[in-house]
Amino acid sequence: ERLTREVDSEKLRPRPPVVTIMGHVDHGKTSLLDKIRRSNVAAGEVGGITQVIRAWSVTHKIEDPETGEKVIERPITFLDTPGHEAFTKMRARGANVTDIAVIVVAATDGVMPQTEEAVAHARAADVRIIVAINKVDAPNANVDRTRRQLYNLELLPDDMGGDIQFVETSALTGQGIDDLLNAILIEAEINLADDLQADPDRPAFGTCLEAYMTSDEGVMATVLVQQGTLKLGDIVLCGANFGRVRSMQNDLGLSIEEAGPSTPVLITGLGGVPNADDPFYAVDELTTAAKIAEAREKKDREASLNRFTA
Ligand code: GDP
């Protein structure tokens, strides 16, 4: 059986953009993600937010370009990636999980080494960049200096002849969070419409984002569905592991029965712990999954044996 990534172009439908926030340490990545998430959850739920998985979706309303009213509601998926290296490693293995990279730069510090690194990683991965100049509330914020430094990295906003969206934010006060979400949806609409397509009808495939062993539930894996729809009971091959999806939770920890494109879900049922960048495929036959998994395991074993004897 083929593990195909082919999709039927006739069946393509729009899918939400998948966004990663990158930047120098302490520039506000975690705070921004937190603010975005909290701004989107009903007030009553806020106290109860437990981060079940490091990937989640929000919905944001933007103005309908036709009527100018705030009526279109669109989902956005955020990935809380473990770091720049993981991002590049995933990319190197062909797991292009991100559509948009938000580069966060604190206006207090300006461009720092890891800012440059983040920009380089985003460019290497060929993802669209949005710049968030954060901490604009701080007394020592210097937005102009930060903009000049970004200019030197050839990140140009449209009023300077470029096509990068710049947003000024404060993860502390919430200023600009709405603008950032608008910018993401505008980017998706204008520059990524052709890429943000998926066939929800085919068997699911995607990428494992994180996986670990638990004593009560066995292997728990957070996967991002990229094409197709993953369903409870599906036979899944993930790296050198396989199993039947026994349970599936969404980002709020609620049990769900299926998950479509750009949806991160926590699944149980795999027989072993996959790597945090292994592709996964829903396959028809348990025997097929077992055969491929076994072949891969053998290959992995031989590779590590060769390393050992070399
Ligand atoms: P990360 O390392 O990039 O994830 O940065 P954090 O989100 O952990 O933020 C680092 C520090 O900066 C924390 O003490 C935050 O409270 C603070 N911080 C984050 N965003 C802002 C902001 O917009 N304004 C101000 N004044 N402080 C912020």
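Keep in mind it's a predicted model, so treat the numbers as computed, not measured.

Novice: Hey, could you go over the site of the ligand for me, with residue numbers and the actual values?
Specialist: In the neighbourhood of the ligand, 14 residues make up the surrounding shell, with Asp-26, Thr-30, Ser-31, Asp-137 and Ala-171 lying closest. Within the side chain of Asp-137, one N or O atom sits 2.6 Å away from a nitrogen atom of the ligand. Relative to its unbound accessible surface of 580 Å², the ligand loses 72% to contact with the protein. A per-element tally of the shell around the ligand places helix α1 (residues 29-40) first, with three residues. Here the shell around the ligand is built from residues that sort into three nonpolar, seven polar and four charged.

Novice: Explain the state of the cysteines to me, and be specific about the residues and the numbers.
Specialist: Where two cysteines share a covalent bond between their sulfur atoms, that bond is called a disulfide. One pass over the structure, following the stated rule, counts zero disulfides. Cys-208 carries a free sulfur, and the closest cysteine sulfur to it, the one in Cys-238, is 4.7 Å from it. On the accessibility criterion, Cys-208 (0% relative accessible area) is buried.

Novice: Any details on the packing of aromatic side chains? Residues and values, ideally.
Specialist: Under the counting rule described, the total for this entry stands at two aromatic pairs. An angle of 40° between the planes, with centres 6.0 Å apart, marks the rings of Phe-205 and Tyr-281 as tilted. Of this pair, Phe-205 sits in strand β9 (residues 205-214) while Tyr-281 is found in strand β16 (residues 279-283), placing the two residues 76 residues apart along the sequence. Phe-205 sits in the buried class, given a relative accessible area of 5%.

Novice: Got a sec to walk through the confidence of the model for the chain? Specific residues and values, please.
Specialist: Per-residue confidence for the chain averages 89 on the pLDDT scale, and 89% of its residues sit at or above 70. When mean pLDDT is compared element by element in the chain, strand β11 (residues 230-231) scores highest at 98, while helix α2 (residues 43-46) scores lowest at 49. As scored by the predictor, the complex reaches a pTM of 0.91 and an ipTM of 0.99.

Novice: Summarise the pairing of strand β13 (residues 241-249); cite the residues concerned and give the values.
Specialist: Taken together, the four bridges between strand β12 (residues 235-238) and β13 define a ladder with antiparallel strand orientation. For Leu-237, the partnering residue across the bridge sits in β13 and is Phe-242. The turn linking β12 back onto β13 is made up of two residues, and Gly-239 within it adopts a positive phi angle of 60°.

Novice: Would you mind going over the pattern of salt bridges in detail, with residue names and values included?
Specialist: Applying the stated criterion to the full structure yields ten salt bridges. Where Asp-99 meets Arg-15, a salt bridge forms, and the shortest distance between an N and an O atom there is 2.9 Å. Taken together, the positions of Asp-99 in the loop between α3 (84-92) and β5 (100-106) and Arg-15 in the loop between β1 (13-14) and β2 (18-23) put the pair 84 residues apart, joining distant regions of the chain. Arg-15 carries the same exposure label as Asp-99, and that label is buried. Among the ionic pairs, Glu-302 bridges to Lys-298, the shortest N-O distance being 3.8 Å.

Novice: How would you sum up the environment of Asp-199? Please name residues and give values.
Specialist: Here Asp-199 is to be found in the loop between β8 (197-198) and β9. For the pair Asp-199 and Gln-227, spaced 28 residues apart in the sequence, the C-alpha separation amounts to 5.9 Å. For Asp-199, the contacting residues outside a window of four places in its chain are Val-7, Asp-8, Lys-11, Leu-12, Gln-227 and Gly-228. Among the polar contacts listed, one links the side chain of Asp-199 to the backbone nitrogen of Asp-201, at a separation of 2.8 Å.

What counts and what doesn't
Residues numbered from 1 in each chain as written. Predicted model: local features only at pLDDT ≥ 70, side-chain atom pairs only at ≥ 80, totals over all residues. Heavy atoms only, no water. Near = heavy atom within 4 Å. Polar contact = N/O pair within 3.5 Å; in protein donor to acceptor, adjacent residues only side chain to side chain. Areas by Shrake-Rupley, 256 points an atom, 1.4 Å probe, with all protein chains shown as cover. Helix = DSSP H or I, 4+ residues; strand = E, 2+ residues; numbered from the N terminus. Nonpolar A, V, L, I, M, F, W, Y, C, P; charged D, E, K, R; others polar. Disulfide = S-S within 2.5 Å. Buried < 20%, exposed > 50% of the residue type's maximum accessible area, 1.4 Å probe, protein only. Phe/Tyr/Trp six-rings, centres within 6.5 Å; stacked < 30°, edge-to-face > 60°. pLDDT = per-residue confidence, 0-100. Pairing = 2+ DSSP bridges. Salt bridge = Lys/Arg side-chain N within 4 Å of Asp/Glu carboxyl O. Contact = heavy atoms within 4.5 Å.

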